[in-house]
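# Observations on chain architecture
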Amino acid sequence: MAFNVGDFRAKISEVGGLAKSNKFAVLITPPAWTSAVNDGLGVSQGTQSNLRFLCDTTNLPGKNLNTIDYMPQGFGAVHKTPIGITQDPITLSFLMDGNHQVMKFFQLWMQEIVNTGSSFDGILASYKDRTDHEISYKSNYVTTVVIKFFSDDGSSVLEYTFKDAYPIQLGSVQLGWEQNDTIAKLPVEFTYSTYTVFHNKLPTQVSGGRGPNLFHLIAQLGSVAGVINNIRKPTNVQDAINQFSNISLLSKLF
């Protein structure tokens, strides 16, 4: 069969044309810690809303099934069966603004995850009751990130929704006196727990026979019993701190 350009064009038109990689937008839901941001740190409340306009590149991450080899009969052909899934990280590149709020925002986000700033005031100094290099609660720094990939005419959109996302690396920014007309860009790598392109569209339901059940509850109660049995009169300050941490953990289980 001879190739027909008209048929090719008709098929391309039939599927809405070809997707162009510059038709996208990135939306970052403000994480919990931003509710207490003050302008004294040089980061305004509206910084995160400006990020959608300043994000100039990103990637749609792939997924890889983790498999193991097995032979159903103990011999013969080798089959592969999935045992898990690995998801690529996402990297967002942001144009840096003249007020440096983009850089300050992500530096503060990293500070909210791991306290590194208080060490400049001594090993006993703390930030938000966290000592040097102490890690915050995950609920304080994770958020939802959405990447919208639009069709050329805007009639269709593919949404990637990332759950429990947070930055794990701020890339380096190269500076140089000879770079007169170069716009500084900040690459930020995010990790997340999972992502979907069917957010709020899958016919999901809560099943009584799957997920956390009586055995999970018994295991939790066993952990609680272990904590209770270990509660005793502290022998020193550190011992008191450890017991207080165990009691705090107990309160979060229920």
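In the block above lies the structure referred to throughout.
First, a word on scope: everything that follows refers to the structure included in this document. (Residues numbered from 1 in each chain as written. Predicted model: local features only at pLDDT ≥ 70, side-chain atom pairs only at ≥ 80, totals over all residues. Heavy atoms only, no water.)

### Section: the environment of threonine 67
As a reminder, the rule being used: Strands are runs of DSSP state E lasting at least 2 residues, helices are runs of H or I lasting at least 4, and numbering of each runs from the N terminus. Only protein chains enter the area calculation, which uses a 1.4 Å probe; residues under 20% of their type maximum are buried, those over 50% are exposed, and those in between are partly exposed. Here a residue-residue contact requires only that any non-hydrogen atoms of the pair lie within 4.5 Å.
Structurally, the position occupied by threonine 67 is in strand E3 (residues 63-70). In this structure threonine 67 comes out as partly exposed when scored by relative accessible area, which is 37%. Residues contacting threonine 67, with those up to four places away along its chain left out, are Lys80, Thr81, Pro82 and Ile83.

### Some thoughts on the packing of helix H2 (residues 47-54) against helix H3 (residues 101-113)
The condition is simple: Lines fitted to the C-alpha atoms define the axes, with helices restricted to the stretch that makes contact. Angles between their N-to-C directions range from 0 to 180 degrees. Here roughly perpendicular refers to angles of 65 to 115 degrees, roughly parallel to angles under 35, roughly antiparallel to angles over 145, and oblique to all remaining angles. Crossings are classed by handedness, with left-handed meaning an anticlockwise turn of the near helix from the far one by less than a right angle and right-handed meaning a clockwise turn.
Relative orientation of the contacting elements H2 and H3 amounts to 120°, with a least axis distance of 10 Å. Relative to H3, the element H2 lies oblique. Of the two elements, H2 crosses H3, and the hand of that crossing is left-handed. Judged by residue contacts, Thr47, Gln48, Leu51 and Leu54 of H2 engage Gln101, Val102, Phe105 and Phe106 from H3.

### Things to note about the pattern of salt bridges
Formally: Throughout this description, the term salt bridge denotes a Lys or Arg side-chain nitrogen within 4 Å of a carboxyl oxygen of Asp or Glu.
Inspection of the entire model under this criterion finds seven salt bridges. Two residues, glutamate 14 and lysine 11, come together in a salt bridge whose shortest N-O distance is 3.7 Å. Placement of both glutamate 14 and lysine 11 in helix H1 (residues 5-14) is noted, with a separation of three residues, approximately one turn of the helix. Side by side, glutamate 14 and lysine 11 carry an identical accessibility label, which is exposed. The salt bridge partner of lysine 80 is aspartate 69, with a shortest N-O separation of 2.8 Å. On the criterion of sequence distance, the pair formed by lysine 80 in strand E4 (residues 79-87) and aspartate 69 in strand E3 is long-range, its members being eleven residues apart. Judged by relative accessible area, lysine 80 falls into the exposed class, the value being 59%. Each member of the salt-bridge network shares a partner with another, and the members are Lys20, Lys23 and Asp152.

### What to know about the side chain of glutamine 101
To be explicit about the condition: As used in this structure description, the phrase polar contact means that two N or O atoms lie within 3.5 Å; if the pair is within protein, one of them must be able to donate a hydrogen and the other to accept it, and residues adjacent in sequence are counted only when both atoms belong to side chains.
Position of glutamine 101 among the secondary structure elements: in helix H3. A distance of 2.5 Å separates the side chain of glutamine 101 from the side chain of threonine 47, its partner in a polar contact. Once you skip the residues sitting within four places of it in the chain, glutamine 101 turns out to touch Gly42, Val43, Ser44 and Thr47.

### Observations concerning the environment of aspartate 153
In this structure, aspartate 153 sits in the loop between strand E6 (143-150) and strand E7 (157-170). Aspartate 153 gets classed as exposed once you look at its relative accessible area, which sits at 60%. Between the alpha carbons of aspartate 153 and glycine 16 there is a distance of 8.6 Å; along the sequence they are 137 residues apart. In this structure the side chain of aspartate 153 is engaged in a polar contact, spanning 3.0 Å, whose partner is the side chain of serine 151.

### Considerations on the packing of aromatic side chains
To describe a pair of aromatic rings, one takes the distance between the centres and the angle between the planes. We apply this condition: Centres within 6.5 Å are what make two rings of Phe, Tyr or Trp a pair, Trp counting through its six-membered ring; a difference in plane orientation under 30 degrees is then read as stacked, over 60 as edge-to-face, and the rest as tilted. Two limits define a charge over a ring: the Lys NZ or Arg CZ must be within 6 Å of the ring centre, and within 35 degrees of the ring normal.
For the structure on display, the rule yields 14 aromatic pairs. On the basis of an interplanar angle of 85° and a centroid distance of 6.3 Å, the ring pair of phenylalanine 106 and phenylalanine 190 is categorised as edge-to-face. Here phenylalanine 106, found in helix H3, pairs with phenylalanine 190, found in strand E8 (residues 185-191); they are 84 residues apart in sequence, far enough to count as distant. A relative accessible area of 0% means that phenylalanine 106 is categorised as buried. A relative accessible area of 0% places phenylalanine 190 in the buried class. Three or more aromatic residues joined by ring pairs make a cluster, and in this case those are Trp33, Phe94, Phe105, Phe106, Trp109 and Phe190. The ring of phenylalanine 53 has arginine 52 lying over it, and the distance from NZ or CZ to the ring centre is 5.4 Å. Residue placement shows lysine 63 over the ring face of tyrosine 195; its charged tip is 4.4 Å from the ring centre.

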